[in-house]
Amino acid sequence: MHEQLWDKFSVLDPVDMAVRTRCRIESDVFVVPFAGRDYTVGIRDRRIAPADASDEPAGYLEQLCILAYLINARDIPLAQRLVSGEKLEAGQFFFRGHHALPTRTLEEAFGDEPARLLAAGDAIGAARSSYGDASISVRVLPNVPVVLVIWACDDEFEARASILFDETAARQLPLDALLAAVQFTVKRLVGAASPA
């Protein structure tokens with residue numbers, strides 16, 4: 001799975017990669033925080049797995065996002081300016097149609113009760129923010145913070161959601177991997193909010 005990405009990964013300097021990505025390297029394994037969960041990335045065995053369940057391999061999207069991040073991330077400071085996906089470089093053309101950000105999923109899951117977004121964020125280690133009726137900031141990957149915002153529905157308006165990025169996000173991940181990372185994170189949040 002993802003052989004071309006593994007080939008690109010394998011020729012990169014692991015020490016430089018650890019610095020650029022702000023990930024730990026332990027022996028022949030990277031530890032990559034992704035959407036509130038640590039993953040191990042075997043440098044030699046080309047294996048990615050959740051650190052807390054190393055017998056269980058990571059899924060296709062998890063592997064895509066983690067490899068794309070390890071290959072592409074840059075050692076640059078965050079801009080500390082939030083923008084919509086459309087304001088990222090090439091985002092106005094990319095985040096459309098079937099590449100739309102999952103705001104509808106957030107609206108359906110949390111629009112009736114925005115406090116559930118806060119509880120779900122707590123479950124995955126997100127920080128609470130002060131936008132809308134409820135918002136959280138998730139370190140999707142170490143250099144990729146994402147802010148998810150919900151405005152509750154009421155008698156006059158339907159629920160509304162926004163997904164905001166640090167202005168540097170597209171320099172850390174290609175847009176397709178960024179979209180996949182956000183989709184995965186939203187799925188984790190919806191799962192964390194669902195009754196067991």
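Conventions and cut-offs
- The numbering scheme is per chain: residues are counted from 1 as the chain's sequence reads.
- Predicted model: local features are reported for residues with pLDDT of at least 70 only, side-chain atom pairs are reported and counted for 80 or more only, and whole-chain, interface and lining totals are derived from all residues.
- Each side-chain value is derived from all of the structure's non-hydrogen atoms; neither hydrogens nor water enter the calculation.
- Two strands are said to pair when DSSP picks up at least two bridges between them.
- Only runs of H or I of at least four residues qualify as helices and only runs of E of at least two qualify as strands under DSSP, and these elements are numbered from the N terminus.
- Between the N-to-C directions of two axes lies an angle of 0 to 180 degrees, each axis being a line fitted to C-alpha atoms and, for a helix, fitted only over the stretch in contact.
- It only takes one pair of heavy atoms within 4.5 Å for two residues to be counted as in contact.
- Only protein chains enter the accessibility calculation, which uses a 1.4 Å probe. A residue is then buried if its area is under 20% of the maximum for its type, exposed if over 50%, and partly exposed in between.
- What the arc describes is the spread of directions from the helix axis to the C-beta atoms.
- Only one rule defines a salt bridge in this text: a Lys or Arg side-chain nitrogen within 4 Å of an Asp or Glu carboxyl oxygen.

Draft legend 1. Seen up close, the sheet that holds strand E2 (residues 29-34). Strand order in the open sheet formed by four strands is E1-E2-E3-E4, with antiparallel pairing between adjacent strands. Looking at which strands have only one partner, the edges of the open sheet turn out to be strand E1 (24-26) and strand E4 (48-50). Within this sheet the neighbouring strands show an average axis-to-axis angle of 30°, counted without direction. The pairing of E1 with E2 spans three bridges and is classified as antiparallel. Its bridge partner being in E2, Ile25 is matched across the sheet by Phe30. Taken strand by strand, helix H3 (residues 60-72) contacts E2, strand E3 (37-42) and E4, and its axis lies near 110° from that of E2.

Draft legend 2. Structural context of helix H6 (residues 115-123). Within H6, burial applies to Leu117, Leu118, Ala120 and Gly121. Axial view of H6: buried residues confined to an arc of 165°, hence all on one face. Close packing links the buried residues of H6 with helix H5 (103-110), strand E6 (127-128), strand E7 (134-141), strand E8 (144-151) and helix H8 (175-193). At the C-terminal side of H6, Gly125 shows a positive phi close to 80°.

Draft legend 3. Here's a closer look at the pattern of salt bridges. Under the defined criterion, the tally for this structure stands at eleven salt bridges. In this structure, the salt-bridge partner of Asp75 is Arg22, at a minimum N-O distance of 3.2 Å. With Asp75 in the loop between H3 and strand E5 (82-84) and Arg22 in the loop between helix H2 (14-21) and E1, this pair connects stretches of sequence that are 53 residues apart. Under the relative-accessibility criterion, Asp75 is labelled partly exposed at 44%. The salt bridge partner of Asp122 is Arg128, with a shortest N-O separation of 2.6 Å. The partly exposed category is assigned to Asp122, whose relative accessible area is 43%.

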